[in-house]
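# Structure assessment
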Amino acid sequence: MLVKTDQRHLYVQVIERLKEDIASGVFRENEKFPSEFELARNLGVSRATLREALRVLEEEKIIIRKHGVGTFVNPRPIFSSGIEQLSSISSMIRDAGMSPGTIMLDVQESIPSEELIRKFDCEKEDKLVTIKRVRTADNEPVVYCVDHVLSKNLELGTEVLQNESIFDSIEKSGRIRIVQAIANIEPIGYDEEASNILRCGVDIPLLALIQYHYSEEGEMVLYSKNYFRADKFSFHVVRKRV
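Residues numbered from 1 in each chain as written. Predicted model: local features only at pLDDT ≥ 70, side-chain atom pairs only at ≥ 80, totals over all residues. Heavy atoms only, no water.

### A look at the pairing of strand 1 (residues 63-66)
Test applied: Strands are labelled as partners when DSSP assigns at least two bridges between them. A run of DSSP states H or I qualifies as a helix once it reaches four residues; a run of E qualifies as a strand once it reaches two. Both are numbered from the N-terminal end.
Bridge analysis of strand 1 against strand 2 (residues 70-73) gives 4 bridges, and the strand direction is antiparallel. Each bridged residue has a counterpart across the sheet, and for isoleucine 64 the counterpart in strand 2 is phenylalanine 72. The hairpin turn running from strand 1 into strand 2, its antiparallel successor, is 3 residues long, and glycine 68 in that turn takes a positive phi close to 80 degrees.

Spelled out as structure tokens, the structure:
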């Protein structure tokens, strides 16, 4: 398992070798690495060189180091999606060859807060529906969804929301068609409500996808905040030179 000599820095060679070993299954997802002493000896490098390689691998999210416990191979995200196009969570789960499901937690109609009145540019008398759901993949919780929509734009009914997307329920009337969304992604180390619902410990971070959905007329129709398990999901953006 010795690292071959070449013109590159030794720690770079170690990085490539460890990546190859992970890709080939020598080290599997969630598996603990050997001790630094044993791994450095097997690779034929100093512990200082190994530590530099592990530091880079940790920055690249390929491994995770837990203080006092050891070094582990980070599991690759099961679901990967670009965010240039509006697509449902259900379709992402199906594309990964898994079965999507929904656990309905709460549906409430209330008067919107001052913040949501500004976001929706609505009147104080307008009613707002807040829907909290957990989306599952093969019965495992993977996304916690909190959605806000004006009552007048939604065909209410827990059964409806259990079996179809909020997009479909909003667009059923034929009056509204959601055509675009402004999205922000925020990394969250731990959220007391979302992490507990998704059965995440403090070691599993979350990605919060905050979206403002607009109709063809430019009206904000849906405001959502979805918490994704970062060990299950990754998002990317295709950038083009102009």
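This is not the end of the story, as more comes after the structure.
### Structural notes on the packing of helix 2 (residues 36-43) against helix 3 (residues 47-59)
Quick reminder of the rule: Axis definition: a line fitted to C-alpha atoms, over the contacting stretch in the case of helices. Angles run 0 to 180 degrees between N-to-C directions. Geometric relationships in this document are graded by angle, where less than 35 degrees denotes roughly parallel, more than 145 denotes roughly antiparallel, 65 to 115 denotes roughly perpendicular, and other angles denote oblique. In what follows, a contact means two residues having at least one pair of non-hydrogen atoms within 4.5 Å. Only Asp, Glu, Lys and Arg are considered charged, only Ala, Val, Leu, Ile, Met, Phe, Trp, Tyr, Cys and Pro nonpolar, and every remaining residue, Gly among them, polar.
Running from N to C, helix 2 and helix 3 cross one another at 100 degrees; their axes reach a closest spacing of 9 Å. Considering their axes alone, helix 2 and helix 3 lie roughly perpendicular with respect to each other. Each of Glu36, Phe37, Leu39, Ala40 and Leu43 in helix 2 lies in contact with helix 3, whose residues at this interface are Arg47, Leu50, Arg51 and Leu54. Residues that form the contact of helix 2 with helix 3 fall into these classes: 6 nonpolar, no polar and 3 charged.

### Concerning helix 2
Here is the rule: Each residue gets one of three labels from its accessible area relative to the maximum for its type: buried under 20%, exposed over 50%, partly exposed in between, using a 1.4 Å probe on protein chains only. To be clear, the arc concerns the directions from the helix axis to the C-beta atoms.
Here helix 2 has its buried residues at Leu39, Ala40 and Leu43. Each buried residue of helix 2 sits inside an arc of 100 degrees when the element is viewed along its axis, so together they form one side. Across helix 2 from its buried face, at more than 90 degrees, point the exposed residues Phe37 and Arg41. Each element contacted by the buried residues of helix 2 is listed here: helix 1 (10-24) and helix 3.

### What about a negative patch on the surface?
We apply this condition: Every patch collects residues that have over 30% relative accessible area and no salt bridge, joining them within 9 Å if they carry like charges and within 5 Å if they are nonpolar side chains (Val, Leu, Ile, Met, Phe, Trp, Tyr). Only the protein chains shown count as cover for residues, and all accessible areas are computed by the Shrake-Rupley method using a 1.4 Å probe. When a carboxyl oxygen of Asp or Glu is within 4 Å of a side-chain nitrogen of Lys or Arg, the pair counts as a salt bridge. In this charge count, Lys and Arg are treated as positive and Asp and Glu as negative; neither His nor the chain ends contribute. Here the site of a charge means atom NZ of a Lys, CZ of an Arg, CG of an Asp or CD of a Glu.
Negative charge collects at one region of the surface, where Asp121, Glu123, Glu125, Glu217 and Glu219 lie side by side. For glutamate 217, a relative accessible area of 63% gives the class exposed.

### Considering the pairing of strand 9 (residues 220-229)
Of all 10 residues in strand 9, 9 are buried, a share of seventy percent or more. For strand 6 (residues 140-150) and strand 9, the ladder comprises 7 bridges, and the chain directions are antiparallel. Paired with valine 149 across the bridge in strand 9 is leucine 222. Of the strand pairs in this sheet, strand 8 (residues 206-215) and strand 9 are connected by 9 bridges, and their pairing is antiparallel. Bridging from a neighbouring strand, isoleucine 210 pairs with lysine 225 of strand 9.

So far we have only geometry, and geometry alone does not tell us how the molecule works.
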